[in-house]
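Below, each chain spelled out in residue letters.
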Amino acid sequence: MSGRTLQEFTYSPGYSDMRGARHSERLRKNEQGAWVVVLSDRPCFGKPTTVTTYAASDEAVASFEAFLAEKDVPSLTKRRKSDEFIHDYSPFECRILYADPASAGGRAYYRFCEYQRFSAEDRALIAELRERFRALRGEKLSEEQREDD
């Protein structure tokens, strides 16, 4: 992972979406270059999406990035697909984007989701990943309602 720097991390929990629900949490830098965690939540079709933004400290993000590297979280993308699939359900999903001068296009992208075969150790790592990611939320900066198009 040498030379890579974290640009973005996105987590979506598993949930039933027959009624049009959407949920996601994303770590990224804002226009001013500060790290923020942006939560997007819509309970169902016809309801506005609540977008809540939290500050994330540089130190906390550096620790999170070190955890990703130390535990080789991107290697979870290599797990085989499972035979499970549910039509009215959105599986949990994690996406990691790195700036990577050694990769084509200067970026490296990793994605893993619930529809993969994970060992007990993998599941424990994913649980710890979720806890560490949620712990990045600092001061609440804003909350707004957005009508969907």
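Each remark here, short or long, concerns the structure printed above.
None of the values given here were measured: they were computed from a predicted structure. (Residues numbered from 1 in each chain as written. Predicted model: local features only at pLDDT ≥ 70, side-chain atom pairs only at ≥ 80, totals over all residues. Heavy atoms only, no water.)

A few words on helix α2 (residues 120–134). Along its 15 residues, α2 runs 21 Å from first to last C-alpha, staying within 8% of the 21 Å computed at 1.5 Å per residue. Turning to α2, its buried residues are D122, L125, I126, L129 and F133. For α2, the buried positions fall inside an angular range of 100° around the axis, keeping them on one side. Facing away from the buried side of α2 by more than 90 degrees, the exposed set consists of A120, E121 and E131. (Helix = DSSP H or I, 4+ residues; strand = E, 2+ residues; numbered from the N terminus. Expected span 1.5 Å × (residues − 1). Buried < 20%, exposed > 50% of the residue type's maximum accessible area, 1.4 Å probe, protein only. Arc of directions from axis to C-beta.)

Of note, the phi angle at D72 is positive, near 50°, even though the residue is not glycine. Assignment of secondary structure puts D72 in the loop between α1 (58–70) and β6 (89–90).

Another point: the environment of Y54. Position of Y54 relative to the elements: it lies in strand β5 (residues 49–55). Not counting the four nearest positions on each side in its chain, Y54 is found in contact with W35, V36, V37, L39, R137, G138, E139, K140 and L141. (Contact = heavy atoms within 4.5 Å.)

What follows covers the pairing of β5. By the criterion of burial, β5 is predominantly enclosed, with six of the seven residues buried. Taken together, the six bridges between strand β4 (residues 35–42) and β5 define a ladder with antiparallel strand orientation. Its bridge partner being in β5, L39 is matched across the sheet by T52. Two successive antiparallel strands, β4 and β5, enclose a turn made up of six residues, where G46 displays a positive phi of approximately 80°. When β5 meets strand β9 (residues 140–146), the two strands line up antiparallel, connected through six bridges. From the neighbouring strand, V51 faces β9, where its bridge partner is E144. (Pairing = 2+ DSSP bridges.)

Another point: the side chain of D122. Tracing the chain through its elements places D122 in helix α2. Residues within four places of D122 in sequence aside, it is in contact with L76, R79 and R117.

Take the sheet that holds β5 next. Within the open sheet, the seven strands sit side by side as β8-β7-β1-β3-β4-β5-β9. Their pairing is antiparallel. Edge positions in the sheet fall to β8 (107–113) and β9, since each has one partner strand and no second. Averaged over all pairs of adjacent strands, the angle between strand axes in this sheet comes to 15°, irrespective of strand direction. Lying over the sheet, α1 contacts β1 (5–12), β3 (22–29), β4 and β7 (93–99), oriented at roughly 85° with respect to β1. Those strands touched by α2 are β1, β3, β4, β7 and β8, and its axis lies near 105° from that of β1. (Axes fitted to C-alpha atoms, helices over the stretch in contact; angles between N-to-C directions.)

Another point: the nonpolar core. Residues F9, L27 and L68 are the most contacted members of the largest nonpolar core, which totals 28 residues. Counting residues per element, the ones that place at least two in this core are β1, β4, α1, β7, β8 and α2. Aside from chain neighbours lying at most four places away, what touches F9 is E25, R26, L27, F64, L68, C94, R95, I96, L129 and F133. (Core = buried A, V, L, I, M, F, W, Y, C linked by side-chain atoms within 4.5 Å.)

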